[in-house]
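Overview (structure and organization)
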Amino acid sequence: MQDQERVAEFKKSVQNKFNVYNSLFLNLPYSNIENIGMLIPLLADQSKKGLSNGLNPKEIMESFFENFASVHTEQDRIDFMFRVIQYVERQVVLYDSVEDAAFPKLQKHSKNLSLKDYFQLVEKNNSWTAIEKQLNSFSARIVLTAHPTQFYTPAVLDIIANLRSCINDDNIDDIDVALQQLGLTSLVNSKKPTPLDEAKNIIHTLRHVYYDAIGEMYRHIKSSVGNAQFDNHDIVKLGFWPGGDRDGNPFVTAKITKEVMNELRVTLMKCYYNELKELQRKLSFRDIQDPIAQLRTTLYDAMIDANYHITYNDIIEPLQEIRVSLIENYHGLYINDLDAFIDKVMIFKTHFATIDIRQDHSIHSKVIDAILIKKGFIKNSATELDQQQLVDILINEKFELQPDDFEEAIVKDTILNISQLSSIQKSNGVEGCNRYIISNSEDIFSVLYVYALFNWCGWADRTITFDIVPLFETMKGMRDARATMEQLFQLDTYKNHIISRESKQTIMLGFSDGTKDGGYLKANWSILKTKETLSEVCDEHEVAAIFFDGRGGPPARGGGKTHRFYAAQPSKVANNEIQLTIQGQTITSTYGTKEQFIHNSEQLLTAGLSNTILNKEITISSSHRAIIEELSELSFTKYDALKHHDKFMPYLEHMSTLKYYSNANIGSRPGKRGNKAKLELSDLRAISFVGSWSQLKQNVPGYFGIGSALKSFEDQGRFNEVIQMYHEVPFFQALMFNSMMSLAKCYFELTSYMKENPEYGAFWQVLLDEYELSKKMLLQLSGMKVLMEKEMISRESIKIRESIVLPLLVIQQYALQMVAVDNEFKPLYEKIVTRSLYGNINASRNSA
């Protein structure tokens, strides 16, 4: 019944409204675009029919130009396609706005329990004692990244917010004006954004959404716990990577990091100033006006001068004094408003979000080599030393490094950045920046290099107030992770550092590169096993393990249904916090409005707390573990064979949009690591890798190998074992659901023309065969008739989005076909391919 109500609400509040408001696009103010509104539905219809009948995109477009659009010259056709792209991009924005506006209504019919629902269960069962301690120590850290699939500028985000508001009010006139404004506003950057631009775009969301959302959520939780004691201002924390994540991004420098830290702090002071200004109107009492005015002056100075030094105590102490006066002298009038503001100050302090520093281990190796060469310990490389010699140098030597003592830019900047971190902590508070993450960690030196650099860059005579976080993301890194941490904990120097960090060790696991390396099932199974063994080794050394998951938007990068994933974690995995990255357009699609942020943050918390609340222990039996292990190896064998197929990289390079990601002005970071002439899989960024498969509508990394693995069990007469496991092991079921989402977003008809390609036809057939097998076997496993059968709203949303962008997809493939033919218009066709990326990325909402 609840599902039927949700579907009815979806039809009324999303489908019907979109169809009505979409008609307003007929009046979008483009030059020479009068007929586009009428022609796009025709193009969508002809595309769908043509692809179903086996026509290729070139045949579809040329037939459309001749028979419907009467566009005959090549230049006019190119101009027409650019206008279609502009139109469809805005259709996507409109659909996003309609769907986001309907979010609160749809959630009324949701089966998901809220925190309040869980607390009522606790109250009913009189089990507050069991949950109260965890509730006051548990937290969800949502880390916003700079990955280049969230490219809307603040101006566009403001238009989208206005559209949502108008849609909620059913104000057709204002919607019409907003759409016209959208039509005249560029959706894409005219040049590549700098890391500071990326940071400002996301800080815009912090200011206009998260500041109020987190404050409201905290007050909601506090009011929901009844008589239980609750004072955990860290229950939802914001992390921040723009300006701190320099892994593969040479444009993130020490200067940029400092500028972003200033931007975060100054923006927060603006939020405080504006809220205090509103509060002052209410607190019009004689003894309170002066301290409020003084605090306003302090906040004003801090928000207009990035060099003005303001501390947390400078803000909280006057507020607490005002609170005492309000209670003692003015009957506590407006005390709830003041407490809400005080709670926000206790949550955000002077940092707003905690910026993480991240760099690749290979860069640290280069820096250490340069230092040891200069100090006379080696001639060329640290590999000249045995392990113990190198450990002794890193722990015991007392160098004092100066950036100008070195010539290479990356060495200078690394030393400069670590040297400035103490001053950043002074400006934004220790919570403003206190983690250093090392990508591609595979041994103890990944951590020890950073530990040594801190000591050599000014931290030798004081406690290092940073967590040093290894990021295990390759199959090798995960396989050796236990041994790596075991060796580190056995070093007294490092163990003392951990004790100074409250005996907590944060460890990051990389889903994106793990999937690229090992395939979907093996990567996720390896990550779970790694978490279990790391939880065990941390327990043995009396260290609390905290796992930080590097998750992208789609299942192929660790995304999918986040709540389902965390609720399915076995009890062997340490559950002290949930920490995850929110990447690309997932920031705006899943956490973009106050309602979405509160709901999805609550779902994270319920996933982490639910097993404690319900007194439920999730285990995976040894027999089920053996089956998952066998399935993961079978799927890996199939995926690994694909990776080593001689057409794998050439296919991506020549038949997909891979190389066009770096041309699009959607991010500051290069699309691949290094500058090798020949493209190699290890150099590819997971975003461009996964995104390219998504643009092809093939989504290979999200399922490839699973069909073959399941078929092998069927051939052995053991398929019932897998069916039983599917129903009994939530972790396995969650993975299969996510793979079905990847399959549901595939559309091989779009690229079926490739089967005739003399060079890549056989490879395309390999992809199609595994897609069809995976779809068949997963339906058989789940007992469903269609993919995502139990997720009707998500399925319908995907269907509508895919229909909106179908003309864009066909144009993109047509342009790729024309690029293969050298002519004078080739540069323009390449621009069409690049430009078409934007709408497709946004329509998918979690494509990369």
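This report concerns the structure included in the present document. What you see is a predicted model, and the numbers here were worked out from it, not measured in a lab.

**A look at the overall build of the protein**
A count of helical and extended segments in the protein gives 34 helices and nine strands. What you see for the protein is a C-alpha radius of gyration of 28 Å, in line with the 29 Å of a compact globule of 848 residues. By its C-alpha atoms, the protein is 75 × 70 × 60 Å across when sized along the principal axes. Put simply, 82% of the contacts in the protein that link residues at least 6 apart link residues at least 24 apart. Counting 92 positive and 107 negative side-chain charges, the protein places the averaged centre of each group 2 Å from the other.

**Side note on the packing of helix α27 (residues 648-655) against helix α28 (residues 686-695)**
Relative orientation of the contacting elements α27 and α28 amounts to 70 degrees, with a least axis distance of 11 Å. In terms of orientation, α27 and α28 fall into the roughly perpendicular class. Seen from above, α27 lies across α28 with left-handed handedness. Residues Phe 648, Tyr 651 and Leu 652 of α27 form the contact with α28, whose own contacting residues are Phe 689, Ser 692 and Trp 693.

**Digging into the sheet that holds strand β6 (residues 467-472)**
Backbone-to-backbone hydrogen bonds pair the strands of a sheet. The strands run either parallel or antiparallel. Sheet architecture is open: nine strands sit in the order β3-β2-β1-β9-β8-β7-β6-β5-β4, paired in parallel fashion. Whereas interior strands pair on both sides, the edge strands pair on one side only; in this sheet they are β3 (354-355) and β4 (357-360). Sheet analysis places β6 next to strand β7 (residues 504-510), joined by two bridges and oriented parallel. Paired with Leu 471 across the bridge in β7 is Met 508.

**Structural notes on the environment of Asp 467**
In this fold, Asp 467 is placed in strand β6. Asp 467 gets classed as buried once you look at its relative accessible area, which sits at 15%. Along the chain, Asp 467 and Lys 379 lie 88 residues apart, while their C-alpha atoms are 32 Å from each other.

**What about the environment of Asn 417?**
Counting through the fold element by element, Asn 417 comes out in helix α16 (residues 409-428). The buried category is assigned to Asn 417, whose relative accessible area is 1%. Along the chain, Asn 417 and Leu 580 lie 163 residues apart, while their C-alpha atoms are 25 Å from each other. Reaching out from Asn 417, the side chain makes a polar contact with the side chain of Gln 420 at a distance of 3.1 Å.

**Quick word on the packing of helix α9 (residues 195-224) against helix α13 (residues 335-348)**
Helix-helix packing: each pair is described by the crossing angle between the helix axes and the interaxial distance. Close contact between α9 and α13 brings their axes to 10 Å; oriented N to C, the two are set at 110 degrees. In terms of axis orientation, α9 runs roughly perpendicular to α13. At the point where α9 passes α13, the crossing takes the right-handed sense. On α13, the residues that touch Tyr 210, Tyr 211, Asp 212, Ile 214, Gly 215, Tyr 218, Arg 219 and Lys 222 of α9 are Asn 336, Asp 339, Ala 340, Phe 341, Asp 343, Lys 344, Ile 347 and Phe 348. Its residues assigned to classes, the contact of α9 with α13 shows eight nonpolar, two polar and six charged.

**Concerning the packing of aromatic side chains**
Evaluated as defined, the whole model comprises 37 aromatic pairs. Ring geometry for Phe 565 versus Tyr 566: centroids 4.9 Å apart, planes at 85 degrees, classification edge-to-face. Under the relative-accessibility criterion, Phe 565 is labelled buried at 7%. Taking the relative accessible area as the measure of exposure, Tyr 566 reaches 8% and is therefore buried. In this structure an aromatic cluster arises from ring pairing among Phe 64, Phe 65, Phe 68, Phe 80, Tyr 814 and Tyr 829. For Lys 349, the ring lying beneath its charged end belongs to Tyr 312, and the centroid distance is 5.4 Å. Its guanidinium or amino end placed over the ring of Trp 459, Arg 462 lies 4.3 Å from that ring's centre, counting from NZ or CZ.

**Considerations on the pattern of salt bridges**
Close approach of charged atoms lets side chains of opposite charge pair. Throughout the structure, instances matching the rule amount to 43 salt bridges. Where Lys 49 meets Asp 45, a salt bridge forms, and the shortest distance between an N and an O atom there is 3.2 Å. Placement of both Lys 49 and Asp 45 in helix α2 (residues 36-52) is noted, with a separation of four residues, approximately one turn of the helix. Judged by relative accessible area, which is 46%, Lys 49 ranks as partly exposed. As a salt-bridge pair, Arg 77 and Glu 66 come within 2.9 Å of each other at their nearest N and O atoms. Here the residue Arg 77 occupies a position in helix α4 (residues 74-107), and Glu 66 occupies one in helix α3 (residues 57-69), the gap between them amounting to 11 residues. A residue is classified by how much of its surface remains accessible, and Arg 77, at 10% relative accessible area, is buried.

**A short note on the pairing of strand β9 (residues 578-582)**
With respect to burial, β9 is a largely interior element, five of its five residues being buried. Sheet topology places strand β1 (residues 140-144) next to β9; five bridges connect them, and they run parallel. Within β9, the position partnered with Ile 142 by the bridge is Leu 580. The pairing of strand β8 (residues 544-550) with β9 spans two bridges and is parallel. When the bridges of β9 are listed, Asp 549 appears paired with Leu 580.

**Looking at α13**
End to end, α13 covers 20 Å across 14 residues, agreeing with the expected 20 Å (1.5 Å per residue, within 8%). Taken together, the buried positions of α13 are occupied by Ile 335, Leu 338, Asp 339, Phe 341, Ile 342, Asp 343, Lys 344, Val 345, Ile 347 and Phe 348. Structurally, α13 contributes buried residues whose contacts are with α9, β2 (236-240), α10 (254-282) and α12 (312-329). At the exit of α13 stands Lys 349, carrying a positive phi of roughly 50 degrees.

Each value, and the rule that gives it
Residues numbered from 1 in each chain as written. Predicted model: local features only at pLDDT ≥ 70, side-chain atom pairs only at ≥ 80, totals over all residues. Heavy atoms only, no water. Helix = DSSP H or I, 4+ residues; strand = E, 2+ residues; numbered from the N terminus. Rg over C-alpha atoms; globule rule 2.2 N^0.38 Å. Contact = heavy atoms within 4.5 Å. Lys, Arg positive; Asp, Glu negative; His and termini not counted. Charge placed at Lys NZ, Arg CZ, Asp CG, Glu CD. Axes fitted to C-alpha atoms, helices over the stretch in contact; angles between N-to-C directions. Parallel < 35°, antiparallel > 145°, perpendicular 65-115°, else oblique. Left-handed = near helix turned anticlockwise from the far one by under 90°. Pairing = 2+ DSSP bridges. Buried < 20%, exposed > 50% of the residue type's maximum accessible area, 1.4 Å probe, protein only. Polar contact = N/O pair within 3.5 Å; in protein donor to acceptor, adjacent residues only side chain to side chain. Nonpolar A, V, L, I, M, F, W, Y, C, P; charged D, E, K, R; others polar. Phe/Tyr/Trp six-rings, centres within 6.5 Å; stacked < 30°, edge-to-face > 60°. Lys NZ or Arg CZ within 6 Å of the ring centre and 35° of its normal. Salt bridge = Lys/Arg side-chain N within 4 Å of Asp/Glu carboxyl O. Expected span 1.5 Å × (residues − 1).

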